[in-house]
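# Topology and contacts: notes
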Amino acid sequence: MSRVFTFITGILLSLQVVANSQCDKIVEGYESSDTLYVVCNDLPNMNDSLASELANDLIRQYIGPPDEIFIYFVKSSKYVGKSKIPPNEYVGYIYTHSHKLVTWPEVPSLSKEFNITWQ
């Protein structure tokens, strides 16, 4: 019985890690807001092409007229909707008018910018 529990727990945790690492889902309830949130652990191995693909995938989930939109990437759902995000929880952001994805904006040694091409 304990092996079954351990197996099921392992599967559920690995699914959560995979879901968080994808960073491609807007948090439910924010789809029609001009501030969107995505919960994910990191945006590793990013480049301009991947940033564009991700940004376009996320903006397709937005419900509303084209507008000035911010997309915040946070490590934990407890920072969704918050105006102050600790540096180690603030994975990145996209601002539609700058055409950029910025990763780790509050951690200078990790911060990077990627150009977005909108479709």
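About the cut-offs
- Residues numbered from 1 in each chain as written.
- Predicted model: local features only at pLDDT ≥ 70, side-chain atom pairs only at ≥ 80, totals over all residues.
- Heavy atoms only, no water.
- Helix = DSSP H or I, 4+ residues; strand = E, 2+ residues; numbered from the N terminus.
- Buried < 20%, exposed > 50% of the residue type's maximum accessible area, 1.4 Å probe, protein only.
- Contact = heavy atoms within 4.5 Å.
- Expected span 1.5 Å × (residues − 1).
- Salt bridge = Lys/Arg side-chain N within 4 Å of Asp/Glu carboxyl O.
- Pairing = 2+ DSSP bridges.
- Axes fitted to C-alpha atoms, helices over the stretch in contact; angles between N-to-C directions.
- Phe/Tyr/Trp six-rings, centres within 6.5 Å; stacked < 30°, edge-to-face > 60°.
- Disulfide = S-S within 2.5 Å.

Relative to the helices and strands, T96 is located in the loop between β3 (90-95) and β4 (100-103). Look at T96 and you get buried, because its relative accessible area is 12%. In contact with T96, not counting residues within four places along its chain, are I59, D67, E68, I69 and W118.

To continue, consider helix α2 (residues 48-59). In a regular helix each residue adds 1.5 Å, so 12 residues correspond to 16 Å; α2 covers 16 Å between its end C-alpha atoms and thus fits that length. Along α2, the residues that are buried comprise A51, S52, L54, A55, N56 and L58. Contacts from the buried residues of α2 go to β1 (35-39), β2 (70-74), β3, β4 and β5 (112-115).

On to the pattern of salt bridges, then. Think of it this way: side chains of opposite charge can pair up when their charged atoms draw near. Scanning the entire structure with this criterion turns up 2 salt bridges. With a shortest N-O distance of 3.3 Å, R60 and D57 are connected by a salt bridge. On the basis of relative accessible area, D57 is assigned to the partly exposed category, the value being 31%. Across the pair K100 and E113 runs a salt bridge, and its minimum N-O distance is 4.0 Å.

Looking now at the sheet that holds β2. Pairing in this open sheet of 5 strands is mixed, and the strands run β1-β2-β3-β4-β5 from one edge to the other. In this open sheet, the two edge strands, each paired with only one partner strand, are β1 and β5. Adjacent strand axes in the sheet meet at a mean angle of 15° when their direction is disregarded. Direction of pairing for β4 relative to β5: antiparallel, over a ladder of 4 bridges. Bridging across to β5, K100 finds its partner in N115. The strands touched by α2 are β1, β2, β3, β4 and β5; relative to β5, the strand with the most contacts, the crossing angle is about 75°.

For the coordinates displayed, the defined rule picks out 6 aromatic pairs. Consider the rings of Y30 and Y37, whose centres lie 5.1 Å apart with planes at 75°: the pair is edge-to-face. Residue Y37 is classed as buried on the basis of its relative accessible area, which comes to 5%. The interplanar angle of 35° and the centroid separation of 6.3 Å between the aromatic rings of Y90 and Y93 together place this pair among those described as tilted. For Y90, a relative accessible area of 11% gives the class buried.

Inspection of the entire model under this criterion finds 1 disulfide. Between the sulfur of C23 and that of C40 lies a disulfide, 2.4 Å long from S to S. Given an S-S torsion of about 110°, the disulfide between C23 and C40 has right-handed geometry. Residue C23 is found in the loop between α1 (2-22) and β1, and its partner C40 is found in the loop between β1 and α2; the two are separated by 17 residues along the sequence. With relative accessibility at 1%, the residue C23 sits in the buried group. According to the relative accessible area criterion, C40 is buried, its value standing at 0%.

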